[in-house]
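What follows is each chain in one-letter form.
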Amino acid sequence: MRRRAIMMATVILAACSGGPAEDSADTGTETAMTLANGSPAGTYYVAAADGTASLVTVNADGTYSQVTPEGTDAAQGTFEVVDGKTCFKTRSVGAVPICYSETEPAEDGSYTATPDGGEPLSVKPYTAADAAPTD
């Protein structure tokens, strides 16, 4: 009897809902993630003043990967824009996001990214042509 009462309550609540529930989170369209300065998803060559460099690929789904120019995997994780800064968080236990203030991109897409409490980094879009050997 108790089981039947619970089932009836479920049926009554469903009937009173006025129709099928709409999932407001799934509108059928995805918004592509961009960096805080509006730079789109893509691969970027990132260099420090001391010559240290890496290739960072930011994806439209809010994930990123970082490799050295030689192809060594350096980091993977997620990114988000927080308080006008782009914040990267590695997929490591206890990882703390590192947030960067970014200048507006120049015509060629390059810009400067400065981590909180750190030295500025030069960032520029990286293409397959950049990787091609020169004769």
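Going by the structure above, here's the rest.
Residues numbered from 1 in each chain as written. Predicted model: local features only at pLDDT ≥ 70, side-chain atom pairs only at ≥ 80, totals over all residues. Heavy atoms only, no water.

**Q** Please explain the sheet that holds strand E4 (residues 73-82) as it appears in this structure.
**A** Two pairing modes exist for strands in a sheet, parallel and antiparallel, and in both the strands are linked by backbone hydrogen bonds. Here eight strands make up a closed barrel; going around it, the order is E1-E2-E3-E4-E5-E6-E7-E8 and the pairing antiparallel. Between one strand axis and the next, the sheet turns through 30° on average, direction left out of account. Here strand E3 (residues 63-67) runs beside E4; their pairing, made up of five bridges, is antiparallel. Paired with tyrosine 64 across the two strands is glycine 77, which belongs to E4. (Pairing = 2+ DSSP bridges. Helix = DSSP H or I, 4+ residues; strand = E, 2+ residues; numbered from the N terminus. Axes fitted to C-alpha atoms, helices over the stretch in contact; angles between N-to-C directions.)

**Q** Would you mind showing me how to read the pairing of strand E5 (residues 85-90) here?
**A** Pairing of E4 with E5, which is carried by six bridges, proceeds in the antiparallel orientation. Of the residues in E5, the one forming a bridge with valine 82 is lysine 85. Hairpin connection from E4 to E5: two residues lie between these consecutive antiparallel strands, with aspartate 83 at a positive phi of about 50°. Judged from the three bridges that link them, E5 and strand E6 (residues 98-102) form a sheet pairing that is antiparallel. Paired with phenylalanine 88 across the strands is isoleucine 98, a residue of E6.

**Q** Just checking my understanding: could you explain the side chain of asparagine 37 for this structure?
**A** Tracing the chain through its elements places asparagine 37 in the loop between helix H1 (2-16) and strand E1 (42-47). Engagement of the side chain of asparagine 37 in a polar contact is seen with the side chain of serine 39, the distance being 2.9 Å. Once you skip the residues sitting within four places of it in the chain, asparagine 37 turns out to touch Glu102, Thr103, Glu104, Pro105 and Tyr111. (Polar contact = N/O pair within 3.5 Å; in protein donor to acceptor, adjacent residues only side chain to side chain. Contact = heavy atoms within 4.5 Å.)

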